[in-house]
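Commentary on secondary and tertiary structure
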Protein chains: 2
Amino acid sequence: MTTAARPMRADARRNYERLLAVARDAITEHGAEVSLDDIARRAHVGPGTLYRHFPNRDALLAAVLADWAEELRRQGDELVADPDPAGALDRWLHLLLGHLGTYRGLAAAILASAGDDESALGHACQPMHDTGRTLVDRARTAGTVRSELTAADVHRMVHGIALITENLPDRAAAADRMLTVLVAGLRPPPDAAAGH
Amino acid sequence: MTTAARPMRADARRNYERLLAVARDAITEHGAEVSLDDIARRAHVGPGTLYRHFPNRDALLAAVLADWAEELRRQGDELVADPDPAGALDRWLHLLLGHLGTYRGLAAAILASAGDDESALGHACQPMHDTGRTLVDRARTAGTVRSELTAADVHRMVHGIALITENLPDRAAAADRMLTVLVAGLRPPPDAAAGH
DNA sequence: TTGTCAACCGGAGACAGTCTCCGTATTCTG
DNA sequence: CAGAATACGGAGACTGTCTCCGGTTGACAA
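What you are looking at is a predicted structure, and each value in this text was computed from that prediction instead of being measured.

Counting residues at the interface gives 20 residues for chain B and 20 residues for chain A. Taking both sides of the interface into account, the surface hidden between chain B and chain A amounts to around 1,800 Å²; carbon and sulfur atoms contribute 75%. For the interface between chain B and chain A, the tally reads 2 salt bridges. With a closest N to O distance of 2.6 Å, R177(B) and D153(A) form a salt bridge. Our enumeration of links across chain B and chain A arrives at 2 residue pairs in polar contact (both at pLDDT 80 or more). When residues of the side of chain B that touches chain A are traced back to their parent elements, those giving at least two are helix 10 (151–165) and helix 11 (171–186) of chain B. With 8 residues, the single largest contributor to the side of chain B that touches chain A is helix 11 of chain B. Across the side of chain B that touches chain A, the residue classes break down as 11 nonpolar, 4 polar and 5 charged.

Here's what the structure looks like:
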């Protein structure tokens, strides 16, 4: 309909794959803010070639994260099928936080791209946001999440935890402590349903 | 002892003041990541002059934030004097979050400088961190904050909230919702002291 | 195989930002 | 007012982003 007018030329496909592989390594090693020209150099390709295949950093990130996002979507779908709203949400938040720790700078990039229709990364993360919305909404309906909270609020907070812990020496432990606080704080205050 | 070998030369003092004033405006308008060369230009001063007075962005930020930090310290001291540990901490976190919203990029800058002895900004924020530590420690001792949490954890989370809300259209409201979650989540689980 | 052309490559270079070096200018001091 | 101490400022080195376009390569038909 819109794309795939013709299969890629062989050299183009080669370069595309090579760039993707190099980018994955570079981002693993140096975080999501690694120099793009550097990736091009490491892939033995001119900057023009990189920018032709990936118009901007977001697009490259989105391509690198394709599997990542797919895995998250899959696991999210399982949780959506889980009959326990509170437990499923809890596990989802842990899952999400773990995934956000995969690369440095990832949470910041996703946060910045959220809600931007132009952003390839934003598009790539849509399933993730959808899953979150489903789980949060369901939990709120079940009364295990404060009524005033948006699904976006909750996701944003998880991203925030990833953000503020990513340079800590005891990252995982600190992130865990904070997520515990978040999960506990999500619940409505005990006397919320009592009054009136 | 260490500093103030001699009063500043008149032209130096003039430039210093002018840079500070221009920087305050620029940061208010464009956030903490505004171009330093641009600040120099606006102050009708060469980049060299700016960098002589403020060796790096942190130093400039620290100077701009001097009043800000002092005000926070003052209000923090009042809260330290408050006999109610839980209430004082609650008010402190609100206060802190409000202050962190003063300039865009502020929370990120402070977060990055925290625990760096070389950083002028880190040094400028020391009183803020001290106040936080006092209030959190006291509240934890009083049993209104989970025992596993560090004062740094709590501060970091407030910074996180500032960070993730700073570009939202309904910043203040979202920040409020999230701080409510944080404050609620800080409390130990109801059955924590019961068992055993 | 060869010719043709659309598709693709790569790198020069424009632009913006950080930060330094050092010849020149200004201020202070006696 | 002269000399010394201090400060100025801008050229420019460096890094990173991103574009433009002359030259090259691969796909396909003849």
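Once that is clear, we can look at the relation of the copies chain B and chain A. By a simple turn and slide, chain B fits onto chain A: the slide is 0.0 Å along the axis, the RMSD is 0.0 Å, and the turn is 180 degrees. Such a combination of rotation and displacement between the chain copies is what one expects of a two-fold axis. In terms of C-alpha distance to the rotation axis, chain B has G185(B) as its closest residue, with the C-alpha 1.9 Å off the axis. Of all interface residues in chain B, 100% are interface residues in chain A too; the two copies therefore contact each other through one and the same surface.

Take the protein's contact with DNA strand C next. Around DNA strand C sit 23 residues in total, of which R9(A), N15(A), R52(A), R9(B) and D37(B) are the nearest. When atoms of DNA strand C within 4 Å of the protein are sorted by moiety, sugar and phosphate together comprise 60%. Side-chain polar atom of R9(A) to a base nitrogen of DNA strand C: 2.6 Å apart, as the coordinates give it. The side chain of T49(A) places a nitrogen or oxygen atom 3.2 Å from a phosphate oxygen of DNA strand C. Within the residue set of the surface near DNA strand C, elements represented by two or more residues are helix 1 (10–30) and helix 3 (47–53) of chain A together with helix 1 (10–30), helix 2 (36–42) and helix 3 (47–53) of chain B. The element best represented in the surface near DNA strand C is helix 3 of chain A, accounting for 5 residues.

Once that is clear, we can look at the layout of surface pockets. Its boundaries defined by the atoms lining it, the largest pocket holds a volume of some 1,000 Å³. Residue lining of the largest pocket: 36 residues in total, with E33(A), A108(A), L163(A), A108(B) and L163(B) positioned closest to the centre. Sorting the residues of the lining of the largest pocket by element identifies helix 4 (57–64), helix 7 (106–113) and helix 10 (151–165) of chain A together with helix 7 (106–113) and helix 10 of chain B as the ones contributing at least two each. For the lining of the largest pocket, the residue count by class is 17 nonpolar, 9 polar and 10 charged.

This part covers the protein's contact with DNA strand D. Around DNA strand D, the structure places 23 residues, and the nearest of them are R9(A), D37(A), R9(B), N15(B) and R52(B). If you look at DNA strand D and keep only atoms within 4 Å of the protein, 57% of those are sugar or phosphate atoms. Between R9(A) and DNA strand D, the recorded distance is 3.0 Å, taken from a side-chain N or O atom to a base oxygen. Taking S35(A), its side chain carries an N or O atom lying 3.2 Å from a phosphate oxygen of DNA strand D. Put simply, the parts of the chain that give the surface near DNA strand D at least two residues each are helix 1, helix 2 (36–42) and helix 3 of chain A together with helix 1 and helix 3 of chain B.

What follows deals with the side chain of D153(A). Among the secondary structure elements, D153(A) is positioned in helix 10. D153(A) sits in the buried class, given a relative accessible area of 3%. In this structure D153(A) touches E148(A), R177(B) and M178(B), once residues within four positions along its chain are discounted.

Per the UniProt annotation, the sites labelled "domain: HTH tetR-type" (unreviewed entry) are residues 13–72 of chain A. The distance separating the terminal C-alpha atoms of residues 13–72 of chain A is 27 Å; by composition the span is 78% helix and 0% strand.

As a further point, take the nonpolar core. Counting 123 residues, the largest nonpolar core has I39(A), W92(A), L186(A), I39(B) and L186(B) as the members making the most contacts within it. With residues near it in sequence (within four places) discarded, I39(B) still touches L19(B), V22(B), A23(B), A26(B), V34(B), L50(B) and L60(B).

With that settled, the discussion passes to the UniProt feature "DNA-binding region" (unreviewed entry) in chain A. Residues annotated in UniProt with the feature "DNA-binding region" (unreviewed entry) correspond here to residues 35–54 of chain A. With 70% helix and 0% strand, residues 35–54 of chain A has end C-alpha atoms that lie 14 Å from one another.

This part covers the environment of L100(A). Residue and element names in this part refer to chain A. With respect to the helices, strands and loops of the structure, L100 is situated in helix 6 (residues 85–100). Along the sequence, L100 and V158 sit 58 residues apart, while their C-alpha atoms lie 8.8 Å from each other. In this structure L100 touches W68, L106, A107, I110, V158, H159 and A162, once residues within four positions along its chain are discounted.

A full pass over the atoms with the stated rule returns 2 cavities of 30 Å³ or more. What the largest cavity holds in volume is close to 140 Å³. For the largest cavity, the lining is made up of 14 residues, of which M157(A), I161(A), M157(B), I161(B) and L182(B) are closest to its centre. When contributions to the lining of the largest cavity are tallied by element, the ones reaching two or more residues are helix 10 and helix 11 (171–186) of chain A together with helix 10 and helix 11 of chain B. A breakdown of the residues in the lining of the largest cavity according to their chemical character gives 12 nonpolar, 2 polar and no charged. Considering only enclosed or pocket space, the second largest cavity measures out at about 30 Å³ in volume. Lining the second largest cavity, in full, are I27(B), A32(B), V34(B), L36(B), I39(B), R57(B), L60(B) and L61(B).

Rules of the game
- Residues numbered from 1 in each chain as written.
- Chains lettered and ligands numbered in written order.
- Predicted model: local features only at pLDDT ≥ 70, side-chain atom pairs only at ≥ 80, totals over all residues.
- Heavy atoms only, no water.
- Contact = heavy atoms within 4.5 Å.
- Buried area = accessible area lost by both parts, 1.4 Å probe.
- Salt bridge = Lys/Arg side-chain N within 4 Å of Asp/Glu carboxyl O.
- Polar contact = N/O pair within 3.5 Å; in protein donor to acceptor, adjacent residues only side chain to side chain.
- Helix = DSSP H or I, 4+ residues; strand = E, 2+ residues; numbered from the N terminus.
- Nonpolar A, V, L, I, M, F, W, Y, C, P; charged D, E, K, R; others polar.
- Least-squares fit on C-alpha atoms with pLDDT ≥ 70 in both.
- Near = heavy atom within 4 Å.
- 1 Å grid on protein atoms, 1.4 Å probe; cavity = no way out; pocket = protein on both sides within 12 Å on 5 of 7 lines; lining within 4 Å.
- Points joined across faces, edges and corners; volume = space filled by probe spheres on them.
- Buried < 20%, exposed > 50% of the residue type's maximum accessible area, 1.4 Å probe, protein only.
- UniProt positions renumbered as here; feature names shortened; annotations may be inferred.
- Core = buried A, V, L, I, M, F, W, Y, C linked by side-chain atoms within 4.5 Å.

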